[in-house]
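# Fold and geometry: a report
The lines below spell out each chain.
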Amino acid sequence: MPKAVYKHNSSPKDFIRKKWVAFAKEIFGDQERDFSILTFPAEAMQDLHLFKDEGLIDWEEAESKSVDGTPNFRIIKGNVRCFEKDPKIQRKLSEKLIEAKVEADFIPYIAANYSFIISGKNKTFPVDVVNLDFDGRMQASVKYPFDATIKSVFEFQKKYSRNFSLFLTWPVAEGEDLNEYKTLLHDVIEGNLNDPAALKFKASFEASVGTIDKLKYEQKSIIGVTKVVIKKASQNLYTLNKHEFYVYGDEKLSVGGRKRIISLLFNFTYEGKAGQENIIYAKDVVSAMSTITDINKAKP
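Just so you know, these numbers come straight off a predicted model, no measurement behind them.

Here the focus is helix α3 (residues 87-96). Within α3, the full set of buried residues consists of Ile89, Gln90, Leu93 and Lys96. One side of α3 holds all its buried residues, which, seen down the axis, span an arc of 130 degrees. In α3, the exposed positions angled more than 90 degrees off the buried face are occupied by Lys88 and Arg91. Next to the buried residues of α3 lie β3 (71-77), β5 (97-98) and β6 (101-103).

Okay, here's the thing in structure tokens:
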């Protein structure tokens, strides 16, 4: 059966998807238990098809068919947790993926179910991959701060001491982002520039950027989001063992102000009692100043 073609597909996005698989294989290794993924697959399920092709998950065609006449799939290997904010697409995914967990918008869901998830009564976590592939702004509401969402992810994973990959993909849309989110980005960077425990970060920032007011929004987004992630990771005794930062998209083909896409990839290892928050943070926060690769300009 031919795979559906995602209407926003591109060679840079295919490149990022392959990176997701590489990171996931590295963090998961050759464990005997089933692989688990939490993702926003969209209707075409491009990422799930790729993870299936790479042997991390598997499914078989069910006897039932979807409304559009295509076969449904029964998961026979791995654990799949999907989130989709569009109710119509959510219903289609629920029908299409038998034995998979398919819920609505991720951020409100984990906020509403926090106590059940952290207690273990709700089995959304743990997972080996948390793939948050946003088609809009990461903080859509003042009610659900971005840093609180990331904090919850690390707390849920920590309960099971689970190493995992975290992928964040979202469009650069300065005109659409909430002021509260923009303030968060600014404040976390400024806080580190005044933090005596983050001198390496400060030195790197001042050498490559200078002052915070010189940051373009794309770079501010990457540095700020990475700092939030590293802070919540270290607070939960997770250390960063691999990361790569990418941007792609043609600024001349702007749609709704969303000129560029940012994709951050992280692999985290749980240190537990062997780790100390301040030591982990001081070491890992420097990664916020890592090289950003523009896929459009990279050599083949």
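Another point: the environment of asparagine 194. By the secondary structure assignment, asparagine 194 is in the loop between α7 (179-193) and α8 (199-208). Distance from asparagine 194 to lysine 182, taken between C-alpha atoms, is 19 Å for residues 12 residues apart in sequence.

Turning our attention to the environment of glutamate 271. Its place among the elements puts glutamate 271 in the loop between β10 (260-270) and α10 (277-284). Take glutamate 271: its relative accessible area is 31%, and that puts it in the partly exposed class. Considering only alpha carbons, one finds glutamate 271 and serine 161, 110 residues apart in sequence, at a separation of 8.3 Å. Those residues in contact with glutamate 271, other than ones at most four positions away along the chain, are Leu237, Thr239 and Ile280.

All right, on to the sheet that holds β5 then. One open sheet holds the 3 strands; their spatial order is β2-β3-β5, and the pairing between them is mixed. Every other strand in the sheet has two partners, leaving β2 (58-65) and β5 as the edge strands with one partner each. Where β3 and β5 come together, 2 bridges link them in parallel fashion. The residue bridging arginine 74 from the neighbouring strand is isoleucine 98, located in β5.

A separate point is unusual backbone geometry. Across the junction of phenylalanine 125 and proline 126, the peptide omega takes the value 5 degrees, indicating a cis bond. Along the chain, the position of proline 126 falls in the loop between α5 (114-119) and β7 (129-133). Unlike most non-glycine residues, alanine 42 shows phi in positive territory, near 60 degrees. Within the secondary structure layout, alanine 42 lies in the loop between β1 (36-39) and α2 (46-53).

Strands sit in the order β6-β4-β1-β7-β8-β10-β9-β11 across an open sheet of 8 strands; the sheet is mixed. Of all the strands in the sheet, just β6 and β11 (292-294) have a single pairing partner and so form its edges. Going across the sheet, the axis of each strand differs from the next one's by a mean of 15 degrees, ignoring polarity. Relative to β6, strand β4 (residues 79-83) runs parallel, the two being bridged by 3 bridges. Across the sheet, residue phenylalanine 83 finds its bridge partner in β6, namely glutamate 103. Helix-sheet contacts for α2 involve β1, β4 and β7, and the interaxial angle to β1 is about 165 degrees.

The next point concerns the packing of helix α9 (residues 217-235) against α10. At a minimum axis distance of 8 Å, the contact between α9 and α10 shows a crossing angle of 155 degrees. What the angle tells us is that α9 and α10 run roughly antiparallel. Pair α9 / α10 crosses with right-handed handedness. Residues Lys227, Ile230, Lys231, Ser234 and Gln235 of α9 form the contact with α10, whose own contacting residues are Glu277, Ile280, Tyr281 and Asp284. Looking at side-chain class alone, the contact of α9 with α10 contains 3 nonpolar, 2 polar and 4 charged residues.

What counts, and at which threshold
- Residues numbered from 1 in each chain as written.
- Predicted model: local features only at pLDDT ≥ 70, side-chain atom pairs only at ≥ 80, totals over all residues.
- Heavy atoms only, no water.
- Buried < 20%, exposed > 50% of the residue type's maximum accessible area, 1.4 Å probe, protein only.
- Helix = DSSP H or I, 4+ residues; strand = E, 2+ residues; numbered from the N terminus.
- Arc of directions from axis to C-beta.
- Contact = heavy atoms within 4.5 Å.
- Pairing = 2+ DSSP bridges.
- Axes fitted to C-alpha atoms, helices over the stretch in contact; angles between N-to-C directions.
- Parallel < 35°, antiparallel > 145°, perpendicular 65-115°, else oblique.
- Left-handed = near helix turned anticlockwise from the far one by under 90°.
- Nonpolar A, V, L, I, M, F, W, Y, C, P; charged D, E, K, R; others polar.

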